[in-house]
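# Summary of structural features
The lines below spell out each chain.
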Amino acid sequence: MYGKFVFFAIAALLAELCAQIKFLPFFLLILIYLYVLYKYKKYNQTQLLIILLTVFVFFIDGHGSVLKNKTVIPKKTTSFDLEYTQNPKIDGDLLQVQVTDKLYKEKLLVRYKIKSEQEKELLHNKSFYGYLCRVSGTLEQPKIAKNPNGFNYRHYLSTKEIYWIVDIQGNPLQNCSTIKQSPIVMIKQYRFQGTRYLEKHFPPEIASLSAALIFGDVSLLNPELLGDYQQTGLVHLLAISGLHVSLLIGMVFYIGIRIGFTRQFMVNLLIVILPIYVILTGSSPSVIRSALMIFLILISDKWKRFLKLMPIDAISLAFMLYIFISPLVLFDVGFQLSFSVSFAIILSAGSILQSYQENGVKMLLTSIIAQLAAMPFLLYHYFGMSTIGILANLLYIPLFSFVYLPGLYLLFLIEILFNNTPQMLISFFLLIINFFNNLIGKLGNFSLTAFVPGRPNIFLLIMYILFIVSIFYIWESRSTRKRNVQLLLIGFGLLVFQPSWNFLNPYGEITMIDVGQGDSILLHFPHGRGTYLIDTGGTMQFSEDKWRERVNVFEVGRDVVVPYLKGQGITTIDKLILTHGDMDHIGGTFSILKELSVKQILMPSVRDPSDTERAIIQEANKKGISVINVSKGNHWSSGVNEFYILSPEKNFTGERNRGSIAIIAQIEGVNWFFGGDLDQEGELAIIKNYPNLKIDILKAGHHGSRTSSAEEFIQKINPRVALISAGEHNRFGHPHQEVLDRLEAAHTMIYRTDLQGAITYRFYHGQGTFSTYLP
């Protein structure tokens, strides 16, 4: 079996996928895999029987996890006995903490809105471990994604075996009794205390980085800095990874030997320490993967007469143990990235990397191998990747490995032992951390290095895997000029085939994105003939006490519109049309301007623009984006498609909704009307000025409010379809029943984002069909 456990790991993976995702396609893959092992690997009947037994065991394991992956708590439950199992997360006035209900033995997520600044301070510094508390609250299902490429919070939590969120009104530590702490809870308690100790004794820059690298807690990190690490593909350095674990274990082993302990004693000590270290650092997939590998290698060293393991065997066994114990971890992006990159580097070490002698070259090639292995997962989950990460890793991996990691551990130990860290050391690390934080901020904004082809479908994912496997296969062969040319061609193909696929796609789309109570409509024409965005949605911001302000504030532009566009492979907007100055229509613009390339902005010609409109103009000027004020009579073409501005009048003065840009668009022979929040008076003025106006598809004004969609207007234009963008359970009661009645009386088909999520019209050569994201 020496060196062959990887084949069992592949069988285990296919069996789990067969049970958890879809039976037939993965069952066929299992049959093909068995044939390949028999035909090309010359596996005998005994070996194939063991593989089949592996498939059976892991299929039963995966099937069991599917059957158990459901709630047992009745929906109407309002009283709970809770044991806190994680550190609370506090953001502004919102506290969230993971708990276990003692009666049903089921995990829940508790939410509590903090009442005062003093209560927040007490909860922040109070450990929740070791308490059993009786609370009252209401159960709520986590939100689902309502747009393609959106984050499905319900699915995410279900992979953690959490199915309910409990909203409680009273302090979560009321009505509590202490319970005996298990060893695992005691270790978690030390983790909490250690993080708070760092926060109290070090400047924020040092404390946040130390908490991430020592305890695996990134909650103290500035979200903007965290975003920069994500943008540059270096966020893996902030998670305790295999590199960190290996370095730390190596340091402990070396120090122990130098002190005088025997090798056998240190091996036994590390076997005991590893599980404690995993819990102490938050038990992330990368830590568990690395600890399992090291644990297996130490065991094989201890019992080397009976067990010999190569690195590929260690990671294969670690993979099998992990998914057998936690089958749902297969859906965790950290697990996917950690194992795919580690497998690729281990497999390449004995074939590709050994051909190169210089350490600098080896580091560069290791970074390339890691990026290739991670690529399918990065594209699926994040729609793109940063190519600058390949070079940035060369600078930041040594920085983290040989400066940050040992240095921050040293500062922590000095502070614990002497209760006073020399200011010179603090200043030195502050200087380094601030310099490299500023540098990564600049690298993160270097958009030319971003590769964003969008979320690949199953066919494109298979193509990516084939390209990447081909690169590794050819790379392993002897170095020749022909090999290098082949690698360049396949590498070029890897980067251009999905963007080419996107460009050659003959279908266009018009999508009303579900932005809640707001508007955002994408017009995307095939073959690069134009991409327009009408409004961006927006989140209303209210001034609050400083302590209530949240760091991770939901923002529609950043969290809904940008992911939707990037998931479609859209990174350039030819025209950004902002119909009027209300926040729910243009508040997301700043995120659009930050994340995407915008060529031109159209705004209504009004005498008194809103403060938000002025800020957008100022930001556009900084970026060199053309801003055009449009009014009645403006017109442009895009191929066979025509766009006419029907209102407002030039230098419009009056109520803001009435000054909305109203557009009639003739797209592939279909007439569309986009009118922002145009009110009834504005609608009646349009049919008066354009008495022969006929509309096939109407974007209903003002989210279906009774102040828009006048009866005379509806009767005159007689639309076949009406699209209404409104927030689910919004406080305005949109869409109004009167409006719905008017549209139904006109025999108009109604689509609503509050009920159906994103609404897409896909067209090809004058023919099109509507589809909704939710059934």
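Refer to the structure presented above.
Below is a short write-up of the structure. On a predicted model such as this, the values are computed, not experimentally measured, just so you know. (Residues numbered from 1 in each chain as written. Predicted model: local features only at pLDDT ≥ 70, side-chain atom pairs only at ≥ 80, totals over all residues. Heavy atoms only, no water.)

## Looking at the overall build of the protein chain
Along the protein chain, the regular secondary structure elements total 26 helices and 26 strands. For the protein chain, whose C-alpha radius of gyration is 29 Å, the value lies close to the compact-globule estimate of 28 Å for 775 residues. In terms of overall dimensions, the protein chain has C-alpha extents of about 95 × 70 × 55 Å along its principal axes. Looking at the protein chain residue by residue over its 775 residues, the buried ones come to 51%. For the protein chain, contacts bridging at least 24 residues in sequence account for 69% of all contacts bridging at least 6. (Helix = DSSP H or I, 4+ residues; strand = E, 2+ residues; numbered from the N terminus. Rg over C-alpha atoms; globule rule 2.2 N^0.38 Å. Buried < 20%, exposed > 50% of the residue type's maximum accessible area, 1.4 Å probe, protein only. Contact = heavy atoms within 4.5 Å.)

## Considering the state of the cysteines
A complete count under the given rule lists one disulfide for this structure. Paired through a disulfide, Cys133 and Cys176 show a sulfur-sulfur distance of 1.9 Å. Measuring handedness by torsion sign, the sulfur bridge of Cys133 and Cys176 sits at about 105 degrees and is right-handed. Pair noted here: Cys133 is in strand β5 (residues 131–140) and Cys176 is in strand β7 (residues 176–178), with a separation of 43 residues, a long-range link. (Disulfide = S-S within 2.5 Å.)

## Quick look at the packing of aromatic side chains
Enumeration over the complete set of coordinates arrives at 43 aromatic pairs. Ring centres of Phe23 and Phe59 lie 6.0 Å apart, and the angle between their planes is 70 degrees; on these two criteria the pair is classed as edge-to-face. With Phe23 in helix α2 (residues 23–39) and Phe59 in helix α3 (residues 45–68), the pair connects residues that are 36 residues apart, well separated along the chain. Classification of Phe23 as partly exposed rests on a relative accessible area of 43%. (Phe/Tyr/Trp six-rings, centres within 6.5 Å; stacked < 30°, edge-to-face > 60°.)

## A look at helix α14 (residues 359–382)
A bend of about 50 degrees at Ala374 is the largest found in α14, and the proline Pro376 appears one to four places after it. For α14, the full list of buried residues reads Leu365, Ser367, Ile369, Ala370, Gln371, Leu372, Ala373, Ala374, Met375, Pro376, Leu378 and Leu379. Turning to α14, the residues buried within the fold contact α13 (333–349), β8 (385–386), α15 (388–418), β9 (450–451), α17 (458–476) and α18 (481–504). (Bend = angle between axes of the 7 residues up to and from the residue.)

## Focus: the side chain of Thr748
For Thr748, the position within the fold is in the loop between α25 (737–745) and β24 (749–752). Given a relative accessible area of 7%, Thr748 falls into the buried group.

## Here we look at the packing of α14 against α15
Following both chains from N to C, one finds α14 and α15 inclined at 120 degrees, their axes separated by 9 Å at the closest point. Overall, the two elements α14 and α15 adopt an arrangement that is oblique. The way α14 lies across α15 gives a crossing that is right-handed. Judged by residue contacts, Met363, Leu364, Ser367, Ile368 and Gln371 of α14 engage Gly389, Ile390, Leu391, Asn393, Leu394 and Pro398 from α15. Tallied by class, the residues present in the contact of α14 with α15 amount to seven nonpolar, four polar and no charged. (Axes fitted to C-alpha atoms, helices over the stretch in contact; angles between N-to-C directions. Parallel < 35°, antiparallel > 145°, perpendicular 65-115°, else oblique. Left-handed = near helix turned anticlockwise from the far one by under 90°. Nonpolar A, V, L, I, M, F, W, Y, C, P; charged D, E, K, R; others polar.)

## Some remarks on the pattern of salt bridges
Using the criterion set out here, one finds 25 salt bridges in the structure. Of the charged contacts in the structure, one is a salt bridge between Asp332 and Lys160, with a shortest N-O distance of 2.7 Å. Separated by 172 residues along the polypeptide, Asp332 in the loop between α12 (311–325) and α13 and Lys160 in the loop between α5 (153–158) and β6 (162–168) bring together distant segments of the chain. A salt bridge links Glu738 to Arg706, with the shortest nitrogen-to-oxygen separation between them at 2.7 Å. One end of the pair, Glu738, is in helix α25; the other, Arg706, is in the loop between β22 (697–699) and α24 (711–717), and 32 residues separate them in sequence. A residue is classified by how much of its surface remains accessible, and Arg706, at 44% relative accessible area, is partly exposed. Members of the salt-bridge network, linked through shared partners, are Asp93, Arg548 and Arg550. (Salt bridge = Lys/Arg side-chain N within 4 Å of Asp/Glu carboxyl O.)

## Description of the environment of Gly170
Relative to the helices and strands, Gly170 resides in the loop between β6 and β7. For the pair formed by Gly170 and Gln498, sequence separation is 328 residues and the distance between their alpha carbons is 52 Å.

## Things to note about a negative patch on the surface
On the surface, a cluster of negative charge is contributed by Glu117, Glu121, Glu544 and Asp545. With respect to the secondary-structure elements, Glu544 resides in the loop between β12 (530–534) and α19 (556–567). Here Glu544 falls in the partly exposed class, since its relative accessible area comes to 43%. (Patch = residues over 30% accessible without salt bridge, like charges linked within 9 Å, V, L, I, M, F, W, Y side chains within 5 Å. Areas by Shrake-Rupley, 256 points an atom, 1.4 Å probe, with all protein chains shown as cover. Lys, Arg positive; Asp, Glu negative; His and termini not counted. Charge placed at Lys NZ, Arg CZ, Asp CG, Glu CD.)

## Digging into a nonpolar patch on the surface
A cluster of nonpolar side chains, contributed by Met251, Val252, Tyr254, Ile255, Ile259, Phe261, Phe265, Leu269 and Ile273, occupies part of the molecular surface with about 790 Å² of accessible area. Sorting the residues of the nonpolar patch by element identifies α9 (242–259) and α10 (263–280) as the ones contributing at least two each. Broken down by element, the residue count for the nonpolar patch peaks at five residues, all from α9. A relative accessible area of 30% means that Ile273 is categorised as partly exposed.

## Observations regarding the sheet that holds strand β20 (residues 662–667)
One open sheet accounts for seven strands, arranged β18-β19-β20-β21-β22-β23-β24; its pairing is mixed. Edge positions in the sheet fall to β18 (635–638) and β24, since each has one partner strand and no second. Strand-to-strand, the axes of this sheet are offset by a mean angle of 20 degrees, without reference to chain direction. Examined bridge by bridge, β18 and strand β19 (residues 641–647) share four bridges and lie antiparallel to one another. Across the sheet, His635 pairs through a bridge with Tyr644, a residue of β19. Across the face of the sheet, α25 comes into contact with β22, β23 (721–724) and β24 while running at roughly 145 degrees to β24. (Pairing = 2+ DSSP bridges.)

## With respect to the layout of surface pockets
Quantified by volume, the second largest pocket comes out at close to 850 Å³. Together, 35 residues line the second largest pocket, and Pro453, Asn502, His524, Gln568 and Gly569 are the ones closest to its centre. Those elements that place two or more of their residues in the lining of the second largest pocket are α18, β10 (508–512), β11 (521–525) and β12. A per-element tally of the lining of the second largest pocket places α18 first, with five residues. Along the lines of polarity and charge, the residues of the lining of the second largest pocket split into 12 nonpolar, 17 polar and six charged. (1 Å grid on protein atoms, 1.4 Å probe; cavity = no way out; pocket = protein on both sides within 12 Å on 5 of 7 lines; lining within 4 Å. Points joined across faces, edges and corners; volume = space filled by probe spheres on them.)

## So, the pairing of β5
Relative to β5, strand β1 (residues 79–84) is paired through five bridges, and the arrangement is antiparallel. Considered in β5, the bridge of Asp81 is made with Arg134. When β5 meets β7, the two strands line up antiparallel, connected through three bridges. The partner of Tyr131 across the bridge, within β7, is Thr178. Where β5 and β6 come together, four bridges link them in antiparallel fashion. When the sheet's bridge partners are listed, Glu140 is paired in β6 with Ile165.

## With respect to the nonpolar core
Counting 88 residues, the largest nonpolar core has Ile206, Tyr396, Phe400 and Tyr404 as the members making the most contacts within it. Those residues in contact with Ile206 that lie beyond four places of it in its chain are Leu408, Leu411, Ile426, Phe429, Leu430 and Ile433. (Core = buried A, V, L, I, M, F, W, Y, C linked by side-chain atoms within 4.5 Å.)

## Here we look at the sheet that holds strand β14 (residues 575–577)
Within a sheet, adjacent strands bond to each other through the backbone by hydrogen bonds, running parallel or antiparallel. The strand order β17-β16-β14-β12-β11-β10-β25-β26 describes an open sheet built from eight strands, whose pairing is mixed. In the strand order of this sheet, the two ends are held by β17 (626–630) and β26 (767–772), each with one partner. For this sheet, the mean inter-axis angle between neighbouring strands, taken without regard to orientation, is 15 degrees. Pairing between β11 and β12: five bridges, direction antiparallel. When the bridges of β12 are listed, Phe525 appears paired with Gly530. Where helix α22 (residues 611–623) meets the sheet, it contacts β16 (600–604) and β17, and its direction lies at approximately 155 degrees from that of β16.

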